[in-house]
Amino acid sequence: MKSKGGLPRLLAFKVLNRVLFEGAYPDLVLKSVFEKNPTLSHMDRSLLTELVYGIIRWLGKLDYIIGLFTERKTSKKEILNILRIGLYQLLFLDNIPDYAAVFETVDVAKRIYGEEVARFVNAILREFSRSKEDIQYPSRELSPISYISVNYSFPQWLVKKWIDTLGMDFTERLCDSLNRVPPLTARVNTLKTTRDDLIQEISGRDIKLEKTKYSPAGISFLTSLNPTEIPEFNSGLFTLQDEGAQLISYLLDPRPGERILDACSAPGGKSTHIAELIGNHGDIIACDINHSRLRLVKIQSMRLGIKIIKTICTDLSGESFLEGERFDKILVDAPCSGLGTIRRNPDIKWKRKWDDVLELSDIQFRILSETSARLKVNGIIVYSVCTLMPEENEGVIQRFLSTHPEFRIDLDMESKSYIKDFLDENGFFISNPIRHNMDGFFAVRMKKIR
C-alpha cells in the first residue's frame, strides 16, 4: 500500500510534542494514535514508529546539528520537532531520498505554521543535505564527554558519571549498545505449553522465532510484527518480557507451596513468571503503590490462567504494611531510574536527572529494609533493579548489609549455568547490553540467617 506522504510525519510531530514537551510515554501515545487511525498502512505505521523512537534516541545529536545551522532560537519550541523529523530522515533513513524527506517535512511545516516557517525549515534542511558529510563533531581526545554525548546522543551528566565509574572505552561501547534496537523477546507460559511446542505452532505461519540464549522459557521474534495481535498471545501462551527480566525470577528460585511476596509487582511480569515456575501451587502477594498499574497484574494473570496471585495496593516504604505476615521468599523489584532499559525506552535518558538517582537510592533502601522484616528465618530475598547506576545497585546493597547483619549474600544459584554467567566475584547478578544483548539489570540474592 502506498504511503500517504506527509501523514506519518505529521503524526510523528504530534507524538513528539506529547513525549518531549508533556512527558508522555511514546509507546502509549503511539498506541492511541494507531487506534484513532485504523486505516494507516503497515508502511506508514513503521515509518511513524521509526521516526518517533529514532528521534528520541538520537535527540542529542540532532539538536547539536540544529545548533550549527540556526543562528537564533525558533519562536515556538514545537518547530524543533519539525526540524528533528527532517534531519533524522536525512541522517539515518537511507531508503528515503533526500529530496523526498525535505519536501514532505516542509509540507508538514507549511500545513501547521504557514509559508514563513516552511521556508525556514526548507533552508536548514537543504543546507544540511548539501553539507552533512562536512559536519565537525566534538573530538574524542580533546572533549571526551562531549564526544560521547553528541556522537552517541546521551546527556552529559550521565556520560560523565559512566566515564568516572566505568572508564572511557566501556562507556563508549555501552552507549553504542544502548542505541541499538533490542530483540523482541517473550516468555513462554509453561502452565499452558512448552517452548518447543509454541515455537512450532507459531512458526507454521511463517513467523521466525528462536530460543533465547539464557532464559529457559524465553523466545525471540525475528519477524517484524506486533506479537500481541497473534492468537497465541490472547490465549495466554506467552507474554512479552525482556530476557534479563526473566532471569530475575529464576534467581529467586521459587518452589511450589511457598508463600512469596512480590513487593513492587506492577505490571506483573515477574509475579506471573513466579506463578508459572511454581506451577500455580502456592501463595503470591503482589504489592504496588499504584492502584491503576496494579490492575494490570490482575489482567495479565487472567490472560495467563494464573489463580494464586493476590494484589494489595500499599506503600512498601512505610513501616506497617502486612503487619505480622511472614514469607518464604521476597522479590524486591524496586522502583529505579530504568537506565538499563534505554534500548527499549530511549526517552528515559532525557527524563532522568542525577538527583533522581540519589532520591531513588534512598527509596530503594527503605523498601528493601521494610520488606526484609517480613521474611522468615532461612528465607530468601532478591533485590533487583533495571539500571546501571552504582548508587542504585551495589551502593544500596552495601548500605543494607551494613545495617542488617542478619542477612548475607546467598550463592546457592551458582550451579545454575544460566545464572552463573551473570554473577561477579561479589555474588552480584549483572546483565548488560554489550555482553548479553539484553537490558541492564542488577540483582542480588540474600538469605536471612538469623
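Residues numbered from 1 in each chain as written. Predicted model: local features only at pLDDT ≥ 70, side-chain atom pairs only at ≥ 80, totals over all residues. Heavy atoms only, no water.

Student: Teacher, can you tell me more about the pattern of salt bridges here?
Tutor: Opposite charge on two side chains permits pairing when their charged atoms draw close. Inspection of the entire model under this criterion finds 24 salt bridges. The closest approach of N and O atoms between Arg 343 and Asp 439, which form a salt bridge, is 3.7 Å. With a gap of 96 residues between them, Arg 343 in the loop between β8 (327–333) and α16 (348–351) and Asp 439 in the loop between α20 (433–436) and β12 (441–448) connect regions that are remote in the sequence. We classify Arg 343 as buried; its relative accessible area is 2%. Across the salt bridge formed by Asp 439 and Arg 344, the nearest N and O atoms sit 3.3 Å from each other. Of this pair, Asp 439 sits in the loop between α20 and β12 while Arg 344 sits in the loop between β8 and α16, and the two are 95 residues apart along the sequence. Judged by relative accessible area, which is 24%, Arg 344 ranks as partly exposed. In the salt-bridge network here, residues are joined through shared partners; they are Asp 242, Arg 343, Arg 344 and Asp 439. (Salt bridge = Lys/Arg side-chain N within 4 Å of Asp/Glu carboxyl O. Helix = DSSP H or I, 4+ residues; strand = E, 2+ residues; numbered from the N terminus. Buried < 20%, exposed > 50% of the residue type's maximum accessible area, 1.4 Å probe, protein only.)

Student: Honestly, the sheet that holds strand β3 (residues 218–221) in this entry has me stumped. Any pointers?
Tutor: One key point about sheets: their strands pair by backbone hydrogen bonds, in either a parallel or an antiparallel sense. If you walk across this open sheet you meet the four strands as β2-β3-β1-β4, and the pairing is antiparallel. Across the chains shown, the open sheet's two edge strands, defined by having one partner strand only, are β2 (209–211) and β4 (238–240). Geometrically, the sheet is characterised by an average inter-axis angle of 35° between neighbouring strands, direction not taken into account. Of the strand pairs in this sheet, strand β1 (residues 184–188) and β3 are connected by four bridges, and their pairing is antiparallel. Within the sheet, the bridge partner assigned to Leu 184 lies in β3 and is Phe 221. Relative to the sheet, helix α11 (residues 195–203) contacts β1, β2, β3 and β4, its axis offset from that of β2 by approximately 165°. Sheet strands touched by helix α15 (residues 291–304): β1 and β4. Its angle to β4, the strand with the most contacts, is close to 150°. (Pairing = 2+ DSSP bridges. Axes fitted to C-alpha atoms, helices over the stretch in contact; angles between N-to-C directions. Contact = heavy atoms within 4.5 Å.)

Student: Help me out: how do you make sense of the side chain of Arg 445 in this one?
Tutor: Within the secondary structure, Arg 445 is located in strand β12. Here Arg 445 falls in the buried class, since its relative accessible area comes to 7%. Within the structure, Arg 445 has its side chain in polar contact with the backbone oxygen of Leu 251 (distance 2.9 Å). Side chain to side chain, Arg 445 and Asp 410 meet in a polar contact 2.7 Å long. Apart from the residues within four sequence positions on either side, Arg 445 is in contact with Leu 251, Leu 252, Asp 253, Ile 380, Ile 381, Val 382, Arg 408, Ile 409, Asp 410, Asp 412 and Met 413. (Polar contact = N/O pair within 3.5 Å; in protein donor to acceptor, adjacent residues only side chain to side chain.)

Student: Explanation requested: the packing of aromatic side chains in the structure shown.
Tutor: Two descriptors summarise a pair of aromatic rings, namely the distance from one centre to the other and the angle between the planes of the rings. Summed over the entire model, instances satisfying the criterion amount to 15 aromatic pairs. For the ring pair Trp 157 and Trp 354, a centre distance of 6.5 Å and an interplane angle of 55° mean the geometry is tilted. On the criterion of sequence distance, the pair formed by Trp 157 in helix α9 (residues 156–166) and Trp 354 in helix α17 (residues 354–372) is long-range, its members being 197 residues apart. Relative accessible area serves as the criterion here: at 22%, Trp 157 is assigned to the partly exposed category. The exposure class assigned to Trp 354 is partly exposed, which follows from its relative accessible area of 31%. Site record: aromatic cluster; members linked through ring pairs are Trp 58, Tyr 88 and Phe 92. Its end group placed over the ring of Phe 154, Lys 349 keeps NZ or CZ at 4.0 Å from the ring centre. Over the ring of Tyr 25 we find Lys 351; its NZ or CZ atom is 4.6 Å from the centre of that ring. (Phe/Tyr/Trp six-rings, centres within 6.5 Å; stacked < 30°, edge-to-face > 60°. Lys NZ or Arg CZ within 6 Å of the ring centre and 35° of its normal.)

Student: What should I look at first to understand the environment of Ala 275 in this one?
Tutor: Position of Ala 275 among the secondary structure elements: in helix α14 (residues 269–277). Here the alpha-carbon distance between Ala 275 and Ala 263, two residues 12 residues apart in the chain, equals 15 Å. Residue contacts for Ala 275: discarding those within four places in its chain leaves Leu 191, Asn 280, Ile 284, Ile 306, Ile 308 and Ile 309.

Student: Whenever I open this one, the pairing of strand β9 (residues 375–385) confuses me. Can you help?
Tutor: With eight of 11 residues buried, β9 is to be regarded as a mostly interior element. In the sheet, β8 pairs with β9 via six bridges, with the strands oriented parallel. Paired with Leu 331 across the two strands is Val 382, which belongs to β9. Pairing analysis gives six bridges linking β9 to β12, with the strands arranged antiparallel. The residue bridging Ile 380 from the neighbouring strand is Lys 447, located in β12.

Student: Sorry, what's going on with helix α13 (residues 243–252) here?
Tutor: In an α-helix there are 3.6 residues to a turn, and that puts residues three or four apart on one side. Here α13 lies mainly inside the structure; 10 of its 10 residues are buried. Listed as buried for α13 are Glu 243, Gly 244, Ala 245, Gln 246, Leu 247, Ile 248, Ser 249, Tyr 250, Leu 251 and Leu 252. Here α13 starts with a cap whose side-chain oxygen sits 2.8 Å from the backbone nitrogen of Gly 244, and that cap is Asp 242. Immediately downstream of α13, the backbone of Asp 253 shows phi near 55°, a positive value.

Student: How should I be thinking about the packing of helix α6 (residues 98–113) against helix α7 (residues 115–131) in this particular structure?
Tutor: Geometrically, a packed helix pair is captured by the angle between its two axes and the distance between the axes. Here α6 crosses α7 at 160°, and the two axes come no closer than 8 Å. As far as their axial angle goes, α7 and α6 are roughly antiparallel. Considering how the two elements wind past one another, α6 and α7 form a crossing that is right-handed. Each of Asp 98, Val 102, Thr 105, Val 106, Ala 109, Lys 110 and Tyr 113 in α6 lies in contact with α7, whose residues at this interface are Glu 115, Val 117, Ala 118, Val 121, Asn 122, Leu 125, Arg 126 and Ser 129. Taken together, the residues that form the contact of α6 with α7 break down as eight nonpolar, three polar and four charged. (Parallel < 35°, antiparallel > 145°, perpendicular 65-115°, else oblique. Left-handed = near helix turned anticlockwise from the far one by under 90°. Nonpolar A, V, L, I, M, F, W, Y, C, P; charged D, E, K, R; others polar.)

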